[in-house]
Amino acid sequence: METGDCADGPGGPDAPGMQFGCASFNQDSTSLALGTKTGYKLFSLTMVEMLDCIHESVETPDVYIVERLFSSSLVVVVSTAMPQRMNVYHFKKGTEICNYSYPNSILAVKLNRHRLVVCLDESIYIHNIKDMKLLKTLLNTPSNPSGLCALSINHSNSYLAYPGSATIGEIVVYDANNLNTVTMIPAHDSPLAALAFNASATKLASASERGTVIRVFSIPEGLRLFEFRRGMKRYVNISSLSFSPDGQFLCASSNTETVHIFKLDPLGPSGEDETGTWTAYVGKMFSAASSYLPAPVSGMMSQDRAFATVHLVTSGQRNICTLAMIQKLPRLLVATADGQLFIYNVDPLDGGECMLAHKHRLFGTDDDQDEVAKTEGSEVPGPVQTCPSYAATAALPASGPVTATLTGYSEDGGAKKGEVIPEHEFAAGPVCLDDENEFPPVSIQKC
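Predicted model only: the values in this text are computed from it and were never measured.

**Looking at the overall build of the protein**
Step number 1: The secondary structure content of the protein amounts to two helices and 31 strands.
Step number 2: Counting over 447 residues, the protein shows a buried share of 57%.
Step number 3: Pairs at least 24 apart in sequence give 50% of the contacts found in the protein among residues at least 6 apart.
Step number 4: Approximately 18,300 Å² of the protein is accessible, and the part contributed by carbon and sulfur atoms is 53%.

Right, dumping it as structure tokens:
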């Protein structure tokens, strides 16, 4: 469910009309992180009508990657000032836990309670998040200038997905716990544009640069389960994919005015559809039969259209979306590149056009506290801007001599002078942010 988008890579916050350099929802969509010109902001997403900024840092300028570990105080930050260095902060105490340098610009960072993954253009680094030990370096991976990758939030398996080719939509699924390749999935004919695991890491969704078809595969087998058609009239840039917490829905946003929600019909323990309807049964039979038919025929049989949609008035700018339970109801959240957050109600039974519940400004004064929910999409004021995919930062030339190895790392050892990250940061449940006893003092260490 983790998803993010970078406004314009390094220097993103300086782009005309851009309010921030990046935006990302945390792993369970309970928090929104923004990278800004002066630092970063963290918002709590527990209320519809109220958007609570729980932390704002102004110490690191031009942040283009910021990732929070669930509801803990652990935050990873990368700035355009030093795109080869990753800083790990304990924001509750205002201290830096450690920082690490890499041979080239960092394009994406993904994390769960066991692993932290750093993606460069042609390499991936996998760390044990508790002590930041480097566990594995995947060198000579296919060129990946957008930093596209996905890490399952279910740390019992820690599956990592990344492009297996720069020319076609091939997906490598890697087990970041056991450090071995699980499977290779031939997902699309054109290069990949988006990837997302469901919460239990049993499904992986993908979209290609064409943006017309979204496919869902079983994990770890790599079998195609669903195929959804976003549209046929035009190619689009899909900027984010996100499953609902229960894995029954999948949302997709792009540079168009429409956000799509697709429904994945679940199977019960006996293998029968939980809805028990004749239509659902027949649908499953056709889906099963399609695997034995020629690709064009099976594709026609398996394609489904959106279960629910949101139509924004403004198109042409990137945004990120996620599905979450807020105040015990299913919601669709859309954060736009001009600094606004839209929260929509989702009807899990009938779908259709989602109703706007509230709109928040992420910068300045929120003038929409009294806005009445509307059935139509919300207009996003300001100039239309094009926004590359999450952490889409072309590798920049190093400001100094580039070393062949990571600063402070050894392949078989831990971080030099690295501090073990407190065990409470990896508890099964969310960490209470307002309890000082949850956060013992952390001394600053340079790794």
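**Re the environment of G211**
Step number 1: For G211, the location among the structural elements is in the loop between β19 (203–208) and β20 (213–218).
Step number 2: With residues up to four places along the chain from it excluded, the contact list for G211 reads R230, V236 and I238.

**A few points about unusual backbone geometry**
Step number 1: P220 follows I219 through a cis peptide bond whose omega is 15 degrees.
Step number 2: Within the chain, S158 stands out as a residue other than glycine whose phi angle is a positive 50 degrees.
Step number 3: Among the secondary structure elements, S158 is positioned in the loop between β14 (150–151) and β15 (159–163).
Step number 4: The exposure class assigned to S158 is buried, which follows from its relative accessible area of 0%.
Step number 5: Phi is positive for K328, which is not a glycine, with a value near 70 degrees.
Step number 6: You can see K328 is positioned in the loop between β27 (319–326) and β28 (329–336).

**Details of the nonpolar core**
Step number 1: If you look at the biggest cluster of nonpolar residues, it comprises 24 residues, and the most contacted ones within it are M86, Y102, I106, V109, L116 and V118.
Step number 2: Secondary structure elements with two or more residues in this core: β6 (63–68), β7 (74–79), β8 (82–90), β9 (95–101), β10 (108–111) and β11 (115–119).
Step number 3: Membership of the second largest hydrophobic core comes to 18 residues, among which are F25, L32, V48 and I320.

**Section: the sheet that holds strand β26 (residues 308–311)**
Step number 1: Pairing in this open sheet of five strands is mixed, and the strands run β22-β23-β24-β26-β30 from one edge to the other. Lying at the two open borders of the sheet, with one neighbouring strand each, are β22 (238–243) and β30 (352–353).
Step number 2: Sheet topology note: the β26/β30 ladder contains two bridges and is parallel. By the bridge assignment, T309 is partnered in β30 with E353.

**Comments concerning the confidence of the model for the protein**
Step number 1: This prediction gives the protein a mean pLDDT of 78; 68% of its residues lie at or above 70.
Step number 2: Note that pLDDT drops below 50 for residues 268–283; the model gives that stretch 10 contacts with residues more than four away or on any other chain.
Step number 3: This model gives residues 368–419 a pLDDT under 50, and the stretch forms 149 contacts once residues within four places in sequence are excluded.

**Examining the sheet that holds strand β13 (residues 133–139)**
Step number 1: Overall, antiparallel pairing links the four strands, which are arranged β10-β11-β12-β13 in an open sheet. Strands with a single pairing partner mark the edges of an open sheet, and in this sheet they are β10 and β13. Going across the sheet, the axis of each strand differs from the next one's by a mean of 15 degrees, ignoring polarity.

**Quick word on the packing of aromatic side chains**
Step number 1: For the coordinates displayed, the defined rule picks out five aromatic pairs.
Step number 2: Ring pairs connect the aromatic residues F226, F228 and F262, which therefore count as one cluster.
Step number 3: Taking the ring centre of F70 as reference, the NZ or CZ of R113 above it sits at 3.7 Å.

**Quick word on the environment of H127**
Step number 1: Within the secondary structure layout, H127 lies in strand β12 (residues 123–128).
Step number 2: Between the C-alpha atoms of H127 and H114, which are 13 residues apart in sequence, the distance is 8.5 Å.

**Digging into the pattern of salt bridges**
Step number 1: Considering all chains together, one arrives at two salt bridges under this definition.
Step number 2: R215 is the partner of E227 in a salt bridge, and the nearest nitrogen-oxygen pair spans 2.6 Å. Here R215 lies in strand β20 and E227 lies in strand β21 (residues 224–229), a separation of 12 residues in the sequence. Accessibility assignment for this pair places E227 and R215 in one class, buried.
Step number 3: In this structure, the salt-bridge partner of R224 is E227, at a minimum N-O distance of 2.8 Å.
Step number 4: Assessed through its relative accessible area of 37%, R224 is described here as partly exposed.
Step number 5: Given the relative accessible area of 2%, E227 is considered buried.

**Observations concerning the pairing of strand β2 (residues 22–25)**
Step number 1: Taking every second residue as pointing to the same face, both faces of β2 are buried, with C22 and S24 on one and A23 and F25 on the other.
Step number 2: Connecting β2 to the next strand, strand β3 (residues 31–35), in antiparallel fashion are five residues, including S29 with a positive phi near 60 degrees.

**Notes on the pairing of β13**
Step number 1: Direction of pairing for β12 relative to β13: antiparallel, over a ladder of six bridges. Looking at the pairing, I126 lines up with K136 of β13.
Step number 2: Turn length for the β12-β13 hairpin, with the two strands adjacent in sequence and antiparallel, is four residues, and the turn residue M132 shows positive phi of about 60 degrees.

**Overview of the state of the cysteines**
Step number 1: In the structure shown here, the tally under the stated rule is zero disulfides.
Step number 2: Lacking any disulfide linkage, C354 is separated from the closest cysteine sulfur, that of C251, by 9.8 Å.

**Focus on the side chain of S31**
Step number 1: Tracing the chain through its elements places S31 in strand β3.
Step number 2: Of note is the side chain of S31, whose polar atom sits 3.0 Å from the backbone oxygen of F43.
Step number 3: Leaving out residues up to four positions away in the same chain, S31 has contacts with S24, F25, N26, F43, L45 and R68.

Thresholds, definitions, all that
Residues numbered from 1 in each chain as written. Predicted model: local features only at pLDDT ≥ 70, side-chain atom pairs only at ≥ 80, totals over all residues. Heavy atoms only, no water. Helix = DSSP H or I, 4+ residues; strand = E, 2+ residues; numbered from the N terminus. Buried < 20%, exposed > 50% of the residue type's maximum accessible area, 1.4 Å probe, protein only. Contact = heavy atoms within 4.5 Å. Areas by Shrake-Rupley, 256 points an atom, 1.4 Å probe, with all protein chains shown as cover. Core = buried A, V, L, I, M, F, W, Y, C linked by side-chain atoms within 4.5 Å. Pairing = 2+ DSSP bridges. pLDDT = per-residue confidence, 0-100. Axes fitted to C-alpha atoms, helices over the stretch in contact; angles between N-to-C directions. Phe/Tyr/Trp six-rings, centres within 6.5 Å; stacked < 30°, edge-to-face > 60°. Lys NZ or Arg CZ within 6 Å of the ring centre and 35° of its normal. Salt bridge = Lys/Arg side-chain N within 4 Å of Asp/Glu carboxyl O. Disulfide = S-S within 2.5 Å. Polar contact = N/O pair within 3.5 Å; in protein donor to acceptor, adjacent residues only side chain to side chain.

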